[in-house]
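Now for the letters of each chain:
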Amino acid sequence: MVWCGAAGGLCELCQLPLRKNVLREAYSHNLWDGARKTVATLWDGHAAVWHGYEVHGMEKIPEEGPALIIFYHGAIPIDFYYFMAKIFIHKGRTCRVVADHFVFKIPGFSLLLDVFCALHGPREKCVEILRSGHLLAISPGGVREALISDETYNIVWGNRKGFAQVAIDAKVPIIPMFTQNIREGFRSLGGTRLFRWLYEKFRYPFAPMYGGFPVKLRTYLGDPIPYDPKITAEELAEKTKDAVQALIDKHQRIPGNIMSALLERFHRKRKIS
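Residues numbered from 1 in each chain as written. Predicted model: local features only at pLDDT ≥ 70, side-chain atom pairs only at ≥ 80, totals over all residues. Heavy atoms only, no water.

Undergrad: Would you take a moment to explain the packing of helix H7 (residues 162-170) against helix H10 (residues 233-251) for this structure?
TA: Packed helix pairs are specified by the crossing angle of their axes together with the interaxial distance, meaning the distance between the axes. The contact between H7 and H10 brings their axes to 8 Å, and the two run at 110°. Between H7 and H10, the crossing angle belongs to the class labelled roughly perpendicular. Between H7 and H10 the crossing geometry is right-handed. Within the contact between the two elements, H7 uses Phe163, Ala164, Gln165, Ala167 and Ile168 and H10 uses Ala233, Leu236, Ala237 and Thr240. Its residues assigned to classes, the contact of H7 with H10 shows 7 nonpolar, 2 polar and no charged. (Axes fitted to C-alpha atoms, helices over the stretch in contact; angles between N-to-C directions. Helix = DSSP H or I, 4+ residues; strand = E, 2+ residues; numbered from the N terminus. Parallel < 35°, antiparallel > 145°, perpendicular 65-115°, else oblique. Left-handed = near helix turned anticlockwise from the far one by under 90°. Contact = heavy atoms within 4.5 Å. Nonpolar A, V, L, I, M, F, W, Y, C, P; charged D, E, K, R; others polar.)

Undergrad: Is there a simple way to think about the packing of helix H5 (residues 123-131) against H7 in this case?
TA: In the contact formed by H5 and H7, the axes pass within 9 Å of each other and the chain directions differ by 40°. Accordingly, the angle class assigned to the pair H5 and H7 is oblique. Here the hand of the crossing between H5 and H7 comes out right-handed. Of H7, the residues touching H5 (which contributes Arg123, Cys126, Val127, Leu130 and Arg131) are Gly162, Gln165, Val166, Asp169 and Ala170. The residue inventory of the contact of H5 with H7, partitioned by class, reads 5 nonpolar, 2 polar and 3 charged.

Undergrad: Would you take a moment to explain the nonpolar core for this structure?
TA: Nonpolar side chains in soluble globular proteins tend to be buried together. Within the largest apolar cluster, 65 residues are counted, with the highest numbers of intra-cluster contacts made by Leu68, Ile69, Phe80 and Phe83. The element contributing the most residues to this core is helix H3 (residues 78-91), with 9 residues. Among all residues touching Phe80, those that are not within four sequence positions of it are Phe71, Cys95, Val97, Ala137 and Met177. Of all hydrophobic cores here, the second largest spans 5 residues; its members include Val143, Ile148, Tyr199 and Ala207. (Core = buried A, V, L, I, M, F, W, Y, C linked by side-chain atoms within 4.5 Å. Buried < 20%, exposed > 50% of the residue type's maximum accessible area, 1.4 Å probe, protein only.)

Undergrad: How should H5 be read in this particular structure?
TA: Every α-helix carries 3.6 residues per turn, so stepping three or four residues along brings you back to the same face. What H5 keeps buried is the set Cys126, Val127, Ile129 and Leu130. Seen end-on, H5 carries its buried residues on one side only, within an arc spanning 160°. Among the exposed residues of H5, those pointing more than 90 degrees away from its buried face are Glu124 and Arg131. Buried residues belonging to H5 abut strand S3 (67-71), strand S4 (95-98), strand S5 (118-119), strand S6 (135-138) and H7. Phi for Gly133, located one or two positions after H5, is positive at around 95°. (Arc of directions from axis to C-beta.)

Undergrad: I tried to follow the pairing of strand S10 (residues 218-221) on my own but got confused; where do I start?
TA: Successive residues of a regular strand alternate their side chains across the two faces of the sheet. By the alternation rule, side chains of S10 split into Arg218 and Tyr220 and Thr219 and Leu221, which are all buried. Where strand S2 (residues 54-56) lies against S10, 3 bridges are found, and the strand directions are parallel. Bridging across to S10, His56 finds its partner in Tyr220. As defined by bridge partners, strand S7 (residues 174-180) adjoins S10 across 4 bridges and the pair is classed as antiparallel. For Gln180, the partnering residue across the bridge sits in S10 and is Arg218. (Pairing = 2+ DSSP bridges.)

Don't take any of this as a statement about function, it's just geometry.
Quick look at the structure:
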């Protein structure tokens, strides 16, 4: 199923009156939920107008209970903010996300992270959140993947397997996630030797970025990888990486092309389930 609307899978642009009702009722329960609903509605509207944003496979997100979402990290993960907004609007659920410490220092950005329950970690905290029945998202590539990966969409996870151990300890499924054209929306120059050295030296993303192009964005959710008590963290990490790579291979043009991604805004894609 394709979720491209504010309700019932309808076109986003046909749902603008519904957004007004959402905002009108945003603060009917409590201030914090009202703030989340307001921010989510604004992000959802921006996603619709600027990127014609769609989510394929929303039904794979459980209506209740925990799951660990593992996603590919674009130069700027704007797709994940859109995705969190859709989950909150359509499922009434908040998806926690593990974010790098530096993003909490960006002026005006920490409030947005607080609204959507972002956290630094550590592993024990992630396990606690999942055991409490919440959704949690992690990008194993993180800032390094954001800076170093490019239009070839290479996965930059190194030997990271902590996320897999979190899923094993919490006994939850992993849901792989990838957003088509996310590298065409924003590009990073972090792959050059100088900027790679600066990041490894100071652990801060000094690399310049450019973009903001209104390319077509589609988020794809893969089949959940169920909890298996017999699997090791190394094996689960590799299995998850293969699942994300399969989504890239199936849905992404390689290398990515900005003009083609822009033209996709004018072509209707066959609906899938």
